[in-house]
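Structural characterization, general
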Amino acid sequence: MTKAIPRIGSRRNGRIGSRKNGRRIPKGIIHVQASFNNTIVTVTDVRGRVVSWASAGTSGFKGTRRGTPYAAQAAALNAIRTVVHQGMQRAEVMIKGPGLGRDAALRAIRRSGILLSFVRDVTPMPHNGCRPPKKRRV
């Protein structure tokens, strides 16, 4: 005979989704990862917990169009839209990667109305680490 599993998220509880929407975030960190194929924008609070995220793929772009600057701009706007409603006013921006969406995502963040305390490039640079792959002969 099996035990009855208690219903934790029942409707009588009255707390469905209230924790996620009730959090007020005055300051956060916006991480922009721009590769050649896609751009991912993640918004976290100052402790590093993810509040919102969006990518060019989730914004409706497929295939090679995900790597375009317009797709990066749309991804940044989608990620920031939710945190502006939660009360974010100030943010730091960390940009990583060599993609085309770096500048477009930063322009979209600046136009959103959030005050930026600083913008930092955190692209990993090797100090002569691994040997690069051999050059292509076309």
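About the cut-offs
- Residues numbered from 1 in each chain as written.
- Predicted model: local features only at pLDDT ≥ 70, side-chain atom pairs only at ≥ 80, totals over all residues.
- Heavy atoms only, no water.
- Salt bridge = Lys/Arg side-chain N within 4 Å of Asp/Glu carboxyl O.
- Buried < 20%, exposed > 50% of the residue type's maximum accessible area, 1.4 Å probe, protein only.
- Phe/Tyr/Trp six-rings, centres within 6.5 Å; stacked < 30°, edge-to-face > 60°.
- Pairing = 2+ DSSP bridges.
- Helix = DSSP H or I, 4+ residues; strand = E, 2+ residues; numbered from the N terminus.
- Axes fitted to C-alpha atoms, helices over the stretch in contact; angles between N-to-C directions.
- Patch = residues over 30% accessible without salt bridge, like charges linked within 9 Å, V, L, I, M, F, W, Y side chains within 5 Å.
- Areas by Shrake-Rupley, 256 points an atom, 1.4 Å probe, with all protein chains shown as cover.
- Core = buried A, V, L, I, M, F, W, Y, C linked by side-chain atoms within 4.5 Å.
- Contact = heavy atoms within 4.5 Å.

1. Let's talk about the pattern of salt bridges
For the structure on display, the rule yields 3 salt bridges. With its nearest N and O atoms 3.0 Å apart, the salt bridge here joins Asp-45 to Arg-49. Residue classification places Asp-45 among the buried positions, given a relative accessible area of 8%. A relative accessible area of 38% means that Arg-49 is categorised as partly exposed. Here Asp-121 ties to Arg-102 by a salt bridge, and the two come within 3.5 Å at their closest N and O atoms.

2. What to know about the packing of aromatic side chains
Under the definition given, this model contains 1 aromatic pair. The interplanar angle of 85 degrees and the centroid separation of 5.8 Å between the aromatic rings of Phe-61 and Tyr-70 together place this pair among those described as edge-to-face.

3. Focus: the sheet that holds strand 2 (residues 39–45)
If you trace the 5 strands from one edge of the open sheet to the other, you get 3-2-1-4-5, paired in mixed fashion. Edge positions in the open sheet fall to strand 3 (50–55) and strand 5 (115–121), since each of these has one partner strand only. Neighbour to neighbour, the strand axes of the sheet diverge by 15 degrees on average, direction disregarded. Relative to strand 5, strand 4 (residues 90–96) is paired through 5 bridges, and the arrangement is parallel. Residue pairing for strand 5: Ala-91 is matched across the bridge by Leu-116.

4. Regarding a nonpolar patch on the surface
Judged by side-chain polarity, Ile-40, Val-50 and Trp-53 come together as a nonpolar surface patch covering roughly 290 Å² of accessible area. As for its placement among the helices and strands, Val-50 is situated in strand 3.

5. What about the nonpolar core?
In this structure, Ile-30, Val-32, Val-41, Met-88 and Ile-109 are the most contacted members of the largest nonpolar core, which totals 22 residues. Counting residues per element, this core draws most heavily on helix 2 (residues 69–85), at 6 residues. Excluding anything up to four places from it in sequence, Val-41 contacts Ile-30, His-31, Val-32, Ser-52, Trp-53, Ala-54, Ala-75, Ala-76 and Ala-79.

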